[in-house]
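# Chains, contacts and geometry: an overview
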Amino acid sequence: MKGQLLVCGCCGVSFRIGDDYIDRGEDHGYGTCPSCVAEIKAGNTALMTTAIDQLAAALSDDRRATFEAMPRHRQEFIAMHAMEQGILQWTI
Ligand SMILES: [Zn+2]
């Protein structure tokens, strides 16, 4: 698979599969180029940061301090749980 030439399904550029490529089940001959993967990750991080900030802003002072002292992965887990429960709504 490494070295195989694919077409990016996002931007249309041709690229060769590198060592860190993750197969996401795209159609044969298609994939996601490293530039688009980086852009998607950055976008997801920004969206999660927005969700965490909105959640923190809705908490009481004491709970906000506790929430903000948590590690990022714990804040993300709580934000995702709040979205799954419909407490925090998500629109794109
Ligand atoms: Zn691309």
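Computed from a prediction, not measured in an experiment: that's the story for all the values here.

### A word on the overall build of the protein
Within the protein one finds 3 helices and 3 strands. Along the chain direction, N to C, the helices and strands of the protein fall in the order β-β-β-α-α-α. Relative to its length of 92 residues, the protein is extended, with a C-alpha radius of gyration of 18 Å against a globular reference of 12 Å. Dimensions of the protein, computed from the C-alpha atoms along their principal axes, are close to 55 × 25 × 15 Å. For the protein, the proportion of contacts with a sequence separation of at least 24, taken over those separated by at least 6, is 30%.

### A short note on the pairing of strand 1 (residues 5-8)
As defined by bridge partners, strand 1 adjoins strand 2 (residues 14-16) across 3 bridges and the pair is classed as antiparallel. Within strand 2, the residue paired with Leu6 across the bridge is Phe15. Turn length for the strand 1-strand 2 hairpin, with the two strands adjacent in sequence and antiparallel, is 5 residues, and the turn residue Gly12 shows positive phi of about 85°.

### Things to note about the domain arrangement of the protein
Taken domain by domain, the protein consists of domain 1 (1-32) and domain 2 (34-92). Placing the centre of domain 1 and that of domain 2 at their C-alpha centroids yields a distance of 30 Å.

Rules and cut-offs
Residues numbered from 1 in each chain as written. Predicted model: local features only at pLDDT ≥ 70, side-chain atom pairs only at ≥ 80, totals over all residues. Helix = DSSP H or I, 4+ residues; strand = E, 2+ residues; numbered from the N terminus. Rg over C-alpha atoms; globule rule 2.2 N^0.38 Å. Contact = placed C-beta atoms within 7 Å. Pairing = 2+ DSSP bridges. Domains from an automatic or database assignment.

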